[in-house]
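Residue-level listing of the chains:
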Amino acid sequence: MSLEERAKAAAKNVEGKAQEAAGKVTGDPQAQAEGKAKQAESEVRHGIEDVKENIKKKVD
């Protein structure tokens, strides 16, 4: 498990939430969509780290 990768994913999630919220406030649907996409990317990154962690546990 890479703590650095998990931190990057968490930062991307926060960035996405902020962008989505800003898009809602300004009425910008593109910003909202981009924010949601960043949040989805964060979930994928977390999932990848989970898989890596599980594989490492099984190998060890």
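Residues numbered from 1 in each chain as written. Predicted model: local features only at pLDDT ≥ 70, side-chain atom pairs only at ≥ 80, totals over all residues. Heavy atoms only, no water.

- The name given to the protein in an unreviewed UniProt entry is CsbD family protein, and the organism recorded there is Desmonostoc muscorum LEGE 12446.
- Under Sequence similarities (unreviewed entry), UniProt gives the following word-for-word description of the protein: "Belongs to the UPF0337 (CsbD) family." (UniProt positions renumbered as here; feature names shortened; annotations may be inferred.)

Section: the side chain of K12
Thought 1: Within the fold, K12 resides in helix α1 (residues 3-26).
Thought 2: It turns out K12 is buried and unbridged, and the closest side chain with the opposite charge, E41, is 4.1 Å from it.
Thought 3: With residues up to four places along the chain from it excluded, the contact list for K12 reads K38, E41 and S42. (Helix = DSSP H or I, 4+ residues; strand = E, 2+ residues; numbered from the N terminus. Buried < 20%, exposed > 50% of the residue type's maximum accessible area, 1.4 Å probe, protein only. Lys, Arg positive; Asp, Glu negative; His and termini not counted. Salt bridge = Lys/Arg side-chain N within 4 Å of Asp/Glu carboxyl O. Contact = heavy atoms within 4.5 Å.)

Notes on a nonpolar patch on the surface
Thought 1: There is a patch of nonpolar side chains on the surface, built from V51, I55 and V59 and spanning about 300 Å² of accessible area.
Thought 2: Among the structural elements, V59 can be located in helix α2 (residues 29-59).
Thought 3: Of the residues examined, V59 reaches a relative accessible area of 68% and is grouped as exposed. (Patch = residues over 30% accessible without salt bridge, like charges linked within 9 Å, V, L, I, M, F, W, Y side chains within 5 Å. Areas by Shrake-Rupley, 256 points an atom, 1.4 Å probe, with all protein chains shown as cover.)

Quick look at the packing of α1 against α2
Thought 1: Across the interface, α1 lies against α2 with an axial gap of 7 Å and an inter-helix angle of 160 degrees. Relative to α2, the element α1 is oriented roughly antiparallel. Handedness of the crossing formed by α1 with α2: left-handed.
Thought 2: Classifying every residue of the contact of α1 with α2 gives three nonpolar, nine polar and 16 charged. (Axes fitted to C-alpha atoms, helices over the stretch in contact; angles between N-to-C directions. Parallel < 35°, antiparallel > 145°, perpendicular 65-115°, else oblique. Left-handed = near helix turned anticlockwise from the far one by under 90°. Nonpolar A, V, L, I, M, F, W, Y, C, P; charged D, E, K, R; others polar.)

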